[in-house]
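# Understanding the architecture of this molecule
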Amino acid sequence: MSLQGARVWLVTRGSGRAGYYQADLLDALQKAGAASVDVLDFGALFRSAAVELGSRATDWVETTAGRLLKSLSVRRLFGHQQEPAPPPEGESTQDQEGQEVPDLIVVDDPTLFLPLRMLPAYRQQTALTVALVDDFQADSRWRKSSPHAFILPHETFRALNVPADSLVPVRLAGPPLATGFVSSTSLAQARALLQIELGSPVVLVSAEGCDLGLLEKIIFQLTLVDGPPVVLFDYGSNEQVAQLLRSVAASYNLQARMFSSISDRGLTYAVADLVVTGADDPQILDILLSERPLLLVGPERGASRVPFLVDQGVVLWCEDVLELSTRLESSLPPRKPAFSVERVRQLIGVQGTAQVVEALVDLYSQREVILQQTRPPEPPRPESPAPADAKTPAVQPIQFETIGAPPSDASTPATYPPITAVEAKDQMAALILKEREAERSLSLAVRERDRWLDRLEMAREAQDVELVRAGEQRLTLAREQVDRLDAQLETIRRSKEKLKQRVSRPSGAPLPGTGGSGPAEPRESATTTSMEERFRKMEVERDLARLRQRLREEGNQ
């Protein structure tokens, strides 16, 4: 099966994940037999309007884009990616307004359905419209988009993105990926090519995937790592990020090398023992193709991707950047992070984009059924031959730029000089506040654990099987909470000690402290279940029995 010479529209937001994998997807669509592929980058239209008309223009453009597009040719506005094959004799591929009518429409963002519905070519209702959910995220707006079919990357997101009563077909495929991170080079070969000793731990930071504030904090935390690793920064093609790296690395005396991702990413990522990037990096899924342990830093804003990937066991997560140096030490050799290449291969794969196209081909082959058209099917068109593969350009040698401290002799491990108290003040203050909050939470958790231990003993004495089972479950959860908070507190204290060791201050000068009030007392959730009431009744009866016994003893005296 193939796309049988179909005219395809790729309606895209044009940024984020789509901006990285789009070239691979276009190539795969053309190889699958598409006669033409037009990219409708509505995101670019919105962004350019916002720049020209002001920050409030985007909302206006989103609601009026359809009116603007009625009089504009899609080909002229968005650019045509491939010349279409000539239509069969007697058949027109143009609507009355001169706009090409598509056979298949692929939409990668639910917000784009509103302007899409305004286009005359779309309103002819002859095109199969497929929603491509290209990331492991839940978005309720997909439920209101009303496509003819869905392509989802994982079964988990069916209930989250597809209306419960929907009868539209769903295919599980993808996600589409940019394959530039894939490399067949072994670790030893890659390190030899880049002149990095095999015994040296290597941390590679995807700097382009971090906002500038987070990136500066990551650089500072890297200076706190014991036995400093070899540090590489991938700044993409973002010169603003490159300038920040040069400035901050020099400020903190961090010896590192940086490179542009225009170079061979597969080779540079292959040398890393650990890849670090921001939790909001749109290239997280693509980076996983390098099959290197991936540590995400910072909170993810309003998305479900990171918790899902953590639950799947394919990424590590350091939500608080203040604990990053400790997490780095526990994730670098000789320690091994809890990372599974097998799980990565099960969740995503190099063939993710090809799987998406296969799903599109399958759906397109059933277009008549899906659209529930009554007109007789058209005779199949001859398949267009796939274009010859373009020659792969020769890989240019990777140009590393050394930043921060002057490079040391290869035989002498790099050491970082002390940082000033001013540099460490804010981070030490934040760590102290976190330590106090963790101590309070741990104290409450210990009390809760002891409370359930006492309750379990009462239930066992009363031989109440149901309460014993409930008590055991709650005691297990309470113990896990104590262990988790204890480990968190230990991590914070280790981070404080590491920071103290790096601070240079006058003799006798106090370490930076904090002011203001401490953290708010954690709130305990009220439980009103029947189990809780039975436990409370048992506690009251026990206390009354103890009181009666004491009164008897006092009366006998």
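Residues numbered from 1 in each chain as written. Predicted model: local features only at pLDDT ≥ 70, side-chain atom pairs only at ≥ 80, totals over all residues. Heavy atoms only, no water.

## A look at the packing of aromatic side chains
Stated precisely, the cut-off is as follows: Pairing of aromatic side chains requires ring centres within 6.5 Å, counting the rings of Phe and Tyr and the six-membered ring of Trp. Pairs whose planes differ by under 30 degrees are stacked, by over 60 edge-to-face, and all others tilted. For the purposes of this entry, the term helix denotes a DSSP run of H or I that reaches at least four residues, the term strand denotes a run of E that reaches at least two, and both are numbered from the N terminus. Between buried and exposed lies partly exposed: a residue is buried under 20% and exposed over 50% of the maximum accessible area for its type, with that area taken using a 1.4 Å probe on protein chains only.
All chains considered together, the criterion is met by 8 aromatic pairs. Between the aromatic rings of Phe-136 and Phe-157, the centroid separation amounts to 6.1 Å while the plane-to-plane angle is 45°, which identifies the pairing as tilted. Linking Phe-136 in the loop between β4 (128-132) and β5 (149-152) with Phe-157 in the loop between β5 and α7 (158-161), this pair joins segments that are 21 residues apart in sequence. Taken individually, Phe-136 and Phe-157 each receive the classification buried, so the pair is uniform in this respect. Summarising the aromatic geometry, the rings of Trp-142 and Phe-150 are spaced 6.3 Å apart at their centres and angled 75° between planes, so their arrangement reads as edge-to-face.

## Quick word on the pairing of strand β7 (residues 202-206)
To keep things clear, this is the line we draw: Here, strands pair whenever DSSP counts at least two bridges between them. Handedness is read with the strands pointing away from the viewer; a crossover is right-handed when the path from the first strand over the helix to the second is clockwise.
Of all the 5 residues making up β7, 5 are buried; the element is thus mostly covered by neighbouring parts of the structure. Alternating positions in β7 separate into two faces, Val-202, Leu-204 and Ser-206 on one and Val-203 and Val-205 on the other, with burial throughout. In terms of strand pairing, β7 meets strand β8 (residues 230-234) through 5 bridges, oriented parallel. Bridge pairing links Val-203 to Val-231 in β8. Once the chain exits β7 it traverses helix α9 (residues 212-222) before rejoining the sheet at β8, and the crossover so formed is right-handed. As defined by bridge partners, β7 adjoins strand β10 (residues 274-278) across 3 bridges and the pair is classed as parallel. When the bridges of β10 are listed, Val-203 appears paired with Leu-274.

## A closer look at a negative patch on the surface
Here is the rule we go by: Within this analysis, patches are made of residues with over 30% relative accessible area and no salt bridge. Like charges are joined at 9 Å or less; nonpolar side chains (Val, Leu, Ile, Met, Phe, Trp, Tyr) at 5 Å or less. All accessible areas in this document rest on Shrake-Rupley with a 1.4 Å probe, and a residue is counted as covered only by the protein chains that are shown. Each reported salt bridge corresponds to a side-chain nitrogen of Lys or Arg within 4 Å of a carboxyl oxygen of Asp or Glu. Residues scored as charged are limited to Lys and Arg (positive) and Asp and Glu (negative), so that His and the chain ends carry no count. Note on charges: their place is set at NZ of Lys, CZ of Arg, CG of Asp or CD of Glu.
The grouping of Glu-480, Asp-483, Asp-486 and Glu-490 at the surface amounts to a negative patch. Checked against the element boundaries, Asp-483 lands in helix α19 (residues 465-502).

## Notes on the environment of Ser-260
Definition in use: Contact definition: two residues touch when any of their heavy atoms are within 4.5 Å. Polar contact criterion, stated in full: a pair of N or O atoms within 3.5 Å, where within protein one must be able to donate a hydrogen and the other to accept it, and residues adjacent in sequence count only if both atoms are side-chain atoms.
Here Ser-260 shows up in the loop between β9 (256-259) and α11 (265-270). The spatial distance from the C-alpha of Ser-260 to the C-alpha of Ala-242 is 8.9 Å, given a sequence separation of 18 residues. Contact partners of Ser-260, with chain neighbours within four places excluded, come to Asp-234, Tyr-235, Gly-236 and Ser-237. In this structure the side chain of Ser-260 is engaged in a polar contact, spanning 2.7 Å, whose partner is the backbone oxygen of Gly-236.

## A short note on α9
Among all positions in α9, only Leu-214, Leu-215, Ile-218, Ile-219, Phe-220, Gln-221 and Leu-222 are buried. One side-chain oxygen of the residue at the start of α9 lies 3.2 Å from the amide nitrogen of Gly-213, identifying that residue as Asp-211.

## Considerations on the side chain of Ser-290
With respect to the helices, strands and loops of the structure, Ser-290 is situated in the loop between α12 (284-287) and β11 (294-297). From its side chain, Ser-290 meets the backbone oxygen of Ile-287 in a polar contact 2.7 Å long. Beyond its immediate chain neighbours, meaning those up to four positions away, Ser-290 contacts Phe-181 and Tyr-269.

## Side note on the packing of α9 against helix α10 (residues 239-251)
How we decide: Between the N-to-C directions of two axes lies an angle of 0 to 180 degrees, each axis being a line fitted to C-alpha atoms and, for a helix, fitted only over the stretch in contact. Throughout, a crossing is termed right-handed when the near helix is turned clockwise from the far one, and left-handed when it is turned anticlockwise from it by less than a right angle. Gly counts as polar in this scheme, as do all residues outside two lists: the nonpolar Ala, Val, Leu, Ile, Met, Phe, Trp, Tyr, Cys and Pro, and the charged Asp, Glu, Lys and Arg.
Following both chains from N to C, one finds α9 and α10 inclined at 30°, their axes separated by 10 Å at the closest point. Note on packing geometry: the crossing formed by α9 with α10 is right-handed. Residues Leu-212, Leu-215, Glu-216 and Ile-219 of α9 form the contact with α10, whose participating residues are Gln-240, Val-241, Leu-244, Leu-245, Val-248 and Ala-249. Its residues placed into classes, the contact of α9 with α10 shows 8 nonpolar, 1 polar and 1 charged.

## What about the pattern of salt bridges?
Considering all chains together, one arrives at 24 salt bridges under this definition. As a salt-bridge pair, Asp-320 and Lys-434 come within 2.6 Å of each other at their nearest N and O atoms. Remark: Lys-434 occurs in helix α18 (residues 421-462) and Asp-320 occurs in the loop between β12 (316-318) and α14 (324-331); sequence separation between them is 114 residues. The shortest N-O distance in the salt bridge between Glu-435 and Arg-493 comes to 3.2 Å.

## Quick look at the sheet that holds β10
In spatial order, the strands read β12-β11-β10-β7-β8-β9-β13; together these 7 strands make up an open sheet with mixed pairing. One side of each edge strand has no neighbouring strand; the edge strands of this open sheet are β12 and β13 (401-403). Each neighbouring strand pair of the sheet contributes to a mean axis angle of 25°, computed without reference to strand direction. Strands in contact with α10 are β8, β9 and β13; relative to β13, the strand with the most contacts, it is inclined by about 40°.

## Quick word on α14
Burial analysis of α14 places 6 of its 8 residues in the buried class, the great majority of the element. Turning to α14, its buried residues number three or more, namely Leu-324, Ser-325, Thr-326, Leu-328, Glu-329 and Ser-331.

## Focus: the confidence of the model for the protein chain
Heads up, the condition is: Per-residue confidence from the predictor is reported as pLDDT, a score between 0 and 100.
A residue-level look at the protein chain finds 75% of positions with pLDDT of 70 or above and a mean pLDDT of 78. Every residue in residues 55-85 scores below 50 in pLDDT, and together they form 61 contacts with partners more than four places removed in sequence or on other chains. Overall, residues 87-93 carries pLDDT values under 50, and its contacts beyond four positions in sequence, including any with other chains, amount to 8 contacts.

## Considering the pairing of strand β1 (residues 7-12)
With 6 of 6 residues buried, β1 is to be regarded as a mostly interior element. The alternating pattern of β1 places Arg-7, Trp-9 and Val-11 on one face and Val-8, Leu-10 and Thr-12 on the opposite face, and all of these are buried. Pairing between β1 and strand β2 (residues 36-41): 6 bridges, direction parallel. Note on β2: the bridge partner recorded for Arg-7 is Ser-36. Of the strand pairs in this sheet, β1 and strand β3 (residues 104-107) are connected by 4 bridges, and their pairing is parallel.

## Observations regarding the sheet that holds β4
Read across the sheet, 6 strands follow the order β2-β1-β3-β4-β5-β6 without closing on themselves; strand pairing throughout is parallel. On the outer flanks of this sheet lie β2 and β6 (170-172), each paired with one strand and no other. Put simply, the sheet's adjacent strands are angled 20° from each other on average, direction ignored. Here helix α1 (residues 17-31) sits on the sheet in contact with β1, β2 and β4, set at roughly 175° to β1.

## Examining the packing of α1 against helix α16 (residues 352-365)
Spelled out, the test is: Oblique is the label for any angle not under 35 degrees, not over 145, and not in the 65 to 115 range, which are roughly parallel, roughly antiparallel and roughly perpendicular in turn.
Interhelical geometry of α1 versus α16 gives an angle of 45° and a closest axis separation of 9 Å. Here α1 is positioned oblique relative to α16, judged by the angle of their axes. In this structure, α1 meets α16 at a crossing whose hand is right-handed. Between α1 and α16, the contacting residues are Asp-24, Leu-25, Ala-28 and Leu-29 on the first element and Thr-353, Val-356, Val-357 and Leu-360 on the second. Counted by class, the contact of α1 with α16 contains 6 nonpolar, 1 polar and 1 charged residues.

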